[in-house]
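Commentary on secondary and tertiary structure
The lines below spell out each chain.
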Amino acid sequence: MAFNTRTKIKEVLALEPTGQDTIVMGWVRTFRSNRFIALNDGSTPNNLQVVVNYENTSEALLKRITTGACLKISGQLVHSTGSGQKVELQASHIEVLGDSDAEKYPMQPKKHSLEFLRENAHLRMRTQTFGAVFRVRNAIAYAVHQFFQQKGFVYWHSPIITASDAEGAGEMFKVTTLPLDGTAPKNDDGSINFKEDFFGKATNLTVSGQLEGELAAMAFGDIYTFGPTFRAENSNTTRHLAEFWMIEPEMAFYDIEDNQNLAEEFIQYLIRYTMAQNAEDLRFLDERLKEEEKALPQDKRSEMGLIEKLQFVVDNKFERITYTEAIEILLNSTPYKKKKFQYDVQWGIDLQSEHERFLVEKHFKKPVIVTGYPAAIKAFYMRLNDGCEPGRETVAAMDILAPGIGEIVGGSQREERYEKLVARMEAMHIPTHEMSWYLDTRRFGACPHAGFGLGFERMVQFVTGMTNIRDVIPFARTPKNAEF
Ligand code: 4AD
Ligand code: MG
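Here the residue index of a chain counts from 1 through its sequence in written order. Chain A is the first chain written and ligand 1 is the first ligand written, with later ones labelled in order. Whole-chain, interface and lining totals are the exception, using all residues; otherwise, since this is a predicted model, local features are given only for residues with pLDDT of at least 70 and side-chain atom pairs are given and counted only at 80 or more. Think of the side-chain values as coming from all heavy atoms in the structure, minus any hydrogens and water.

1. Some remarks on the sheet that holds strand β7 (residues 161-162)
Pairing within the open sheet is antiparallel, and its three strands lie in the order β7-β9-β8. Each edge of the open sheet is held by one strand with a lone partner, namely β7 and β8 (174-175). Whether two strands pair depends on DSSP finding at least two bridges between them. Under the DSSP-based scheme used, a helix requires at least four consecutive residues in state H or I and a strand at least two consecutive residues in state E, with every element numbered from the N terminus. Judged from the two bridges that link them, β7 and strand β9 (residues 203-205) form a sheet pairing that is antiparallel. Residue pairing across strands places Thr162 opposite Asn204, the latter belonging to β9.

Below you can see the structure in the form of C-alpha cells.
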C-alpha cells in the first residue's frame, strides 16, 4: 500500500466529527501533560489537538513525542470538549517517523526574535509566523497568474543571463566561466578578453526582464514576466534584496493612464484574493503585528491594524499626483519647514524614502501614484512628455508608493518614437549598436505601449505586515549574506 494515507490537517479541522478513522502526519509543536499533542502539517496555521491515551502508551514512545518530531497518527475524530477547537483526534496508534532531540532543536515552543529565526531560516517555516508568511507568499504568486491569465496576458520568460543592462543604472552580477586566478585571457590593453568567455561576450544576471518583455508585447499585445532579478547594489536596508522576484507586465496600445489603471486594479486584486483565501493566516499576522507594535512608542505604531489597512486599500482609489505636485506638497510640509528632512527638496531631486513616506503615511494616508518625473533621473526608455518647459523635461513615468513600504511599483509609458529614443540613448551614453534588437521594435511596427514592475517581496511585505524584506523570502541574499 502506498504510504500517503493522510488527510491534511486543514481538511480535518473542517470535518464534522463522527468518530471516523483518520490518519494525520505532521510535526509536533508542543506536547503537554503527556497527553495533548499540538500537531501541525503546514496546511493551516492551526494545530490539530491529538489526545494520547498515556495509560496505554509505552514510556519509551511518550519520551519520543518532542517538539519538532515527525509523527504519523491514526485515531478517531471526535468533538473536542476543550476550548479553542471544534475537533480533536483520539490517538489509537502513534508512529514516530522522525525523532527530534528536544535539547538541540532550535525552534523551541517560545517566542524567538526575528533575528534568531533569520539565522535559522532552514527551520523557521515551521513556526506560526513564517508558516503564515510563506502561505501568503504562495497565495499572492498564484493570484498574479490568475489575474493576468483571466485577462488573456501571455506569461513570458525573459532570460536570466543577459548581455544588456536594462535600466542602465543597477550594479550587475557578472556571469563568467573564466578563471579568477589572474590567468584569464587578456586584450592588448590588459582588460579581460570576454570573446574567450563562455558566451563570447561579457554577461550578467538580469536586473529586469522588461526590454525582452517589450519585444513580446509587440507580438502578443499583453504579456507579463514573473521571475527572479538581481541587483548588486550595496543597499543594506529593510526593503532591498540582491535577489528578488519581480512581475513585469508590458502592454501594447496602453498609455500612462491605462498603465496606472492596470497597476491599481492588479494590487487590489492580489490583496482581495489573499484576504479571501488566507483569512486565518492574515488574522494571525494581524495579531502578531499588534503585539510587536506594543513595544513601540505610540507615534510609531500603525494607525490601522493589518486587515483594516488591507481592506482600506481595496476599498479606496489610490491618490494620483504629478511629481511637480509632490514637490509642492513637500515644500509646504511641516517637516520641510522645521528642517526635519535629511535630504533637500527642490524640483529635480529623486524623491528620497523620507519624502515618499511623508506623502503616503502622513499627507495622503493611502497608496499614491506619482507620475511625470524629471527625465534626468529616470531610465532611457521612458516616454518624453510633450510640451515641457525648457529645462523641466519630464517623462511618462509612474511610481506607486505604499504605506510602510515606499516604492512598490515602478513603470512608464515607453518611448515608441525612434528618433527621440535614439537621441535619449545617445545623451545617456547607451551604446545603440548593441541594442539594435531593442530598437527594431521601433523600426518595425512600433505602437504606444507601457508597462511596470511590481517588486514581489515588497508586495508580500505589504500584505503580511513584515517590516524586514528578509522575512518574506525563504532565503534572503543581501550584502555579505548568502547562507543556505
Ligand atoms: O523601479 P524598478 O527598478 O523598475 C524596473 O526594473 C522596470 N524595468 C520595471 C518596468 O517598468 N517593467 O523596479 C521595480 C520594482 C520597484 O518598484 C520595487 O518594488 C522592486 O522592483 N525592487 C526591489 N525589490 C527588492 N529589492 C530590490 N533591490 C529592489 N529593487 C527594485
Ligand atoms: Mg524604481
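2. What to know about the side chain of Lys378
Here Lys378 is to be found in the loop between β13 (368-374) and β14 (394-402). Within polar-contact distance, the side chain of Lys378 engages the side chain of Asp399 at 3.3 Å. A contact between two residues is defined here by any heavy atoms of the two lying within 4.5 Å. Sequence-distant contacts of Lys378, that is, excluding residues within four places in its chain, are made with Tyr373, Val395, Ala397, Asp399, Arg424 and Met428. Polar contacts, as counted here, are pairs of nitrogen or oxygen atoms within 3.5 Å of one another; within protein the pair requires one atom able to donate a hydrogen and one able to accept it, and residues that are adjacent in sequence qualify only if both atoms are side-chain atoms.

3. Quick word on the packing of aromatic side chains
Aromatic rings in a pair are described by how distant their centres are and how their planes are angled relative to each other. Note on aromatic contacts: the rings of Phe and Tyr and the six-membered ring of Trp form a pair at centre separations within 6.5 Å, being stacked when their planes are under 30 degrees apart, edge-to-face when over 60 apart, and tilted otherwise. Within the structure shown, the criterion is met by 21 aromatic pairs. Consider the rings of Phe147 and Phe148, whose centres lie 5.1 Å apart with planes at 80°: the pair is edge-to-face. Neither Phe147 nor Phe148 differs from the other in exposure class; each is buried. For the ring pair Phe148 and Tyr224, a centre distance of 4.7 Å and an interplane angle of 20° mean the geometry is stacked. With Phe148 in helix α4 (residues 128-150) and Tyr224 in strand β10 (residues 222-230), this pair connects stretches of sequence that are 76 residues apart. For Phe148, a relative accessible area of 0% gives the class buried. Think of it in three bands: with a 1.4 Å probe and only protein chains considered, a residue is buried below 20% of the maximum accessible area for its type, exposed above 50%, and partly exposed in between. Judged by relative accessible area, Tyr224 falls into the buried class, the value being 0%. Taking NZ or CZ as reference, Lys309 lies 3.9 Å from the ring centre of Phe462, over its face. Working rule: Lys NZ or Arg CZ, within 6 Å of ring centre, within 35 degrees of ring normal, means a charge sits over the ring. Just above the ring of Tyr373 sits the side chain of Lys378; from NZ or CZ to the centre is 4.3 Å.

4. Regarding the pattern of salt bridges
Each salt bridge in this description consists of a side-chain nitrogen of Lys or Arg and a carboxyl oxygen of Asp or Glu lying within 4 Å of one another. All told, the structure shown has 24 salt bridges when counted by the stated rule. Of the charged contacts in the structure, one is a salt bridge between Asp41 and Arg6, with a shortest N-O distance of 3.3 Å. In this pair, Asp41 is assigned in the loop between β2 (36-40) and β3 (48-51) and Arg6 in the segment before α1 (9-13), connecting sequence segments 35 residues apart. Residue class for Asp41 comes out buried when judged on its relative accessible area of 10%. In this structure Arg6 comes out as partly exposed when scored by relative accessible area, which is 29%.

5. Here we look at the sheet that holds strand β16 (residues 449-455)
Here we have eight strands laid out as an open sheet, ordered β6-β10-β11-β16-β15-β14-β13-β12, and mixed in their pairing. At either end of the open sheet lies a strand with only one pairing partner, and these are β6 (154-155) and β12 (319-322). Pairing analysis gives nine bridges linking β10 to strand β11 (residues 243-252), with the strands arranged antiparallel. Within β11, the residue paired with Ile223 across the bridge is Glu250.

6. Overview of a nonpolar patch on the surface
The patches reported here contain residues having more than 30% relative accessible area and no salt bridge. Joining distances are 9 Å for like charges and 5 Å for nonpolar side chains (Val, Leu, Ile, Met, Phe, Trp, Tyr). Shrake-Rupley sampling with a 1.4 Å probe provides the accessible areas, and residues are treated as covered by the protein chains on show and by no other component. Taken together, the side chains of Ile160, Ile161, Phe198 and Phe199 present a nonpolar region at the surface, about 380 Å² in accessible area. The topology assignment puts Ile160 in the loop between β6 and β7. For Ile160, a relative accessible area of 34% corresponds to the partly exposed category.

7. Notes on the pairing of β13
Within β13, seven of the seven residues are buried, which leaves it mostly tucked inside the rest of the structure. Across four bridges, β12 lies against β13 in parallel orientation. Along β13, the bridge assignment pairs Thr322 with Thr371.

8. What to know about the domain arrangement of the chain
Domain boundaries in the chain define domain 1 (9-108) and domain 2 (128-172 + 207-471). Domain 1 puts six residues into the contact, and the matching count from domain 2 is four residues. Between domain 1 and domain 2, a total of about 460 Å² is buried, with carbon and sulfur atoms accounting for 40% of that surface. Connecting domain 1 to domain 2 are zero salt bridges. Here domain 1 is connected to domain 2 by two residue pairs in polar contact (both at pLDDT 80 or more). When the residues that make up the side of domain 1 that touches domain 2 are grouped by side-chain class, the tally is one nonpolar, four polar and one charged. Note that domain bounds follow an automatic or database assignment of domains. Throughout, buried area stands for the accessible area (probe radius 1.4 Å) lost by two parts on being put together, summed over both. In this classification, Asp, Glu, Lys and Arg are treated as charged, Ala, Val, Leu, Ile, Met, Phe, Trp, Tyr, Cys and Pro as nonpolar, and every other residue, Gly included, as polar.

9. With respect to the pairing of β16
The buried fraction of β16 amounts to seven of the seven residues, a majority that puts the element mostly inside the structure. Burial of the side chains of β16 extends over both faces: His449, Gly451, Gly453 and Gly455 are buried on one face and Ala450, Phe452 and Leu454 on the other. Looking at chain direction, β11 and β16 are connected through five bridges and run antiparallel. Its bridge partner being in β16, Ala252 is matched across the sheet by His449. As paired elements, strand β15 (residues 406-413) and β16 share five bridges and run antiparallel to each other. The residue of β16 that forms the bridge with Gly411 is Phe452.

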